[in-house]
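Tertiary structure, described
Below are the chains, spelled out letter by letter.
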Amino acid sequence: MAQQARGYRSQTVMGFEEGYGVIPDPPVGWLIPFNTEAVAIARPKNTAATLRGTRNPAEPFDGNTDVTGDIVVPVDANSFGLWLRAMFGAPVTTEDTAAGTYSHVFQAGEEMPSIWVQTRFATGTPFYKVSTGVKINSFSMEAGGDQELTATLSCMGGVQRSQATPVAASPTDLGLDRMSNFMAVLEMDDVEYGDATTFSVQLDNGLDGDTYTLGGGGFRGDLPEGLMGVSGAMTVLLKDESLYQKALDSTPLSLKLRFSKANGASLAFGLPKTQLQVAGPVTDGPAGLRVTWNYQAYSVKPEDAAITATLTNTIASYGA
């Protein structure tokens, strides 16, 4: 009897394309730590309305193919840089020779890179699910609590196929250098703010998936980006009226969420300009009161970055 695939034996590899849906030759891949991978293909069988003088249905026909799904990954100091590059493009990297570390600064470019994603299924004879023309449509993560720190990457792609051999025979393993919730610090206007219990970051790239072209076989011909949306929320202990007043006055706030490890690795999301959505505090019980503030990030000048991600580690480059 054939062996059922086990999830713990699955492996996911990703790499960057040289053009939409075009894998470089030779391909370069990285082995990715992940919690779940659900980038899946879906093609509807549509019911024909053809009349043939009988109540028996006519042959159905295929609709367009959709490749979408989420990848949930642990937030770490090494492999997470690959996902940052997929969202923002190549970083600006500087070396600190004294510390032996590299600082990678990611900001959104005018175009997003596309990637290929491969997942190995360990059946009796392993096979590989390969998705090409993939882009990150949205990103979300929340710091706070004592659960595993993860990020959710909602993907959209062009083509998915099954094959017997891997795209990259020897992918690079950057290793897992995990970040944890207890490492998180929130800064507000460049001052450490200690009254937040949770803080989330959400990025929406506004991909246009309605790009099915004639002759494209029912697959997307491209995945153009739209306006980027940067938002999130923070829950804070209610100790004074300062944030309430800032929300009422639409006062700009600078926010930064950073994680630092004892080995010198760090990750920071900088939001230079945000405004809080008005939401008055309420009394919902006898215990300590909290308020959840939704925020939106923005840039004043077109050349300014609404969000910056800075990753410091011992990885020299996230290039090809």
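To start, this report covers the structure provided alongside it. (Residues numbered from 1 in each chain as written. Predicted model: local features only at pLDDT ≥ 70, side-chain atom pairs only at ≥ 80, totals over all residues. Heavy atoms only, no water.)

Helix and strand content of the protein: two helices and 22 strands. Over its C-alpha atoms, taken along the principal directions, the protein stretches across nearly 75 × 55 × 45 Å. By residue count, 42% of the 320 residues in the protein fall in the buried class. Looking at the protein as shown, the accessible area adds up to about 16500 Å², and 50% of this sits on carbon and sulfur atoms. One finds the centroid of the 21 positive side-chain charges in the protein at a distance of 9 Å from the centroid of its 34 negative side-chain charges. (Helix = DSSP H or I, 4+ residues; strand = E, 2+ residues; numbered from the N terminus. Buried < 20%, exposed > 50% of the residue type's maximum accessible area, 1.4 Å probe, protein only. Areas by Shrake-Rupley, 256 points an atom, 1.4 Å probe, with all protein chains shown as cover. Lys, Arg positive; Asp, Glu negative; His and termini not counted. Charge placed at Lys NZ, Arg CZ, Asp CG, Glu CD.)

Residues Tyr244, Leu248 and Val278 make up a contiguous nonpolar surface patch of roughly 250 Å² in combined accessible area. Locating Leu248 in the fold gives a position in helix H2 (residues 242-249). The class of Leu248 is partly exposed, set by a relative accessible area of 42%. (Patch = residues over 30% accessible without salt bridge, like charges linked within 9 Å, V, L, I, M, F, W, Y side chains within 5 Å. Salt bridge = Lys/Arg side-chain N within 4 Å of Asp/Glu carboxyl O.)

Roughly 480 Å³ of volume is contained in the largest pocket. Taken together, 23 residues line the largest pocket, and the ones lying closest to its centre are Ala108, Gly109, Glu110, Leu227 and Met228. Classifying every residue of the lining of the largest pocket gives twelve nonpolar, six polar and five charged. A volume near 200 Å³ is recorded for the second largest pocket. Looking at the second largest pocket, it is lined by 15 residues, and the ones nearest its centre are Ala184, Val185, Leu186, Ala196 and Thr197. Contributions of two or more residues to the lining of the second largest pocket are made by strand S15 (184-188) and strand S17 (196-204). (1 Å grid on protein atoms, 1.4 Å probe; cavity = no way out; pocket = protein on both sides within 12 Å on 5 of 7 lines; lining within 4 Å. Points joined across faces, edges and corners; volume = space filled by probe spheres on them. Nonpolar A, V, L, I, M, F, W, Y, C, P; charged D, E, K, R; others polar.)

With that out of the way, let us pick up the pairing of strand S1 (residues 11-16). Within S1, five of the six residues are buried, leaving the element largely enclosed by the surrounding structure. Of the strand pairs in this sheet, S1 and strand S10 (residues 115-121) are connected by six bridges, and their pairing is antiparallel. Paired with Val13 across the bridge in S10 is Gln118. Across three bridges, the pairing between S1 and strand S2 (residues 30-32) is antiparallel. Residue pairing across strands places Thr12 opposite Ile32, the latter belonging to S2. (Pairing = 2+ DSSP bridges.)

Negative charge collects at one region of the surface, where Glu110, Glu111, Asp208, Asp210 and Asp222 lie side by side. Looking at the element boundaries, Asp210 is found in the loop between S17 and strand S18 (229-237). Owing to a relative accessible area of 65%, Asp210 belongs among the exposed residues under this scheme.

Here we come to the nonpolar core. Looking at soluble globular proteins, one finds that nonpolar side chains tend to be buried together. Phe80, Trp83, Leu84 and Phe139 are the most contacted members of the largest nonpolar core, which totals 66 residues. In terms of residue count, helix H1 (residues 80-88) provides more of this core than any other element does, seven residues in total. The contacts of Phe80, once residues within four sequence positions are left out, are Val73, Pro74, Val75, Phe139, Ala151, Leu267 and Phe269. Core analysis: the second largest hydrophobic core is formed by six residues, Trp116, Val130, Val167 and Ala168 among them. (Core = buried A, V, L, I, M, F, W, Y, C linked by side-chain atoms within 4.5 Å. Contact = heavy atoms within 4.5 Å.)

Taking burial as the measure, the nine residues of H1 include nine buried ones, the bulk of the element. Buried residues of H1: Phe80, Gly81, Leu82, Trp83, Leu84, Arg85, Ala86, Met87 and Phe88, and no others. Positive backbone phi, approximately 100°, marks Gly89, located one or two places after H1.

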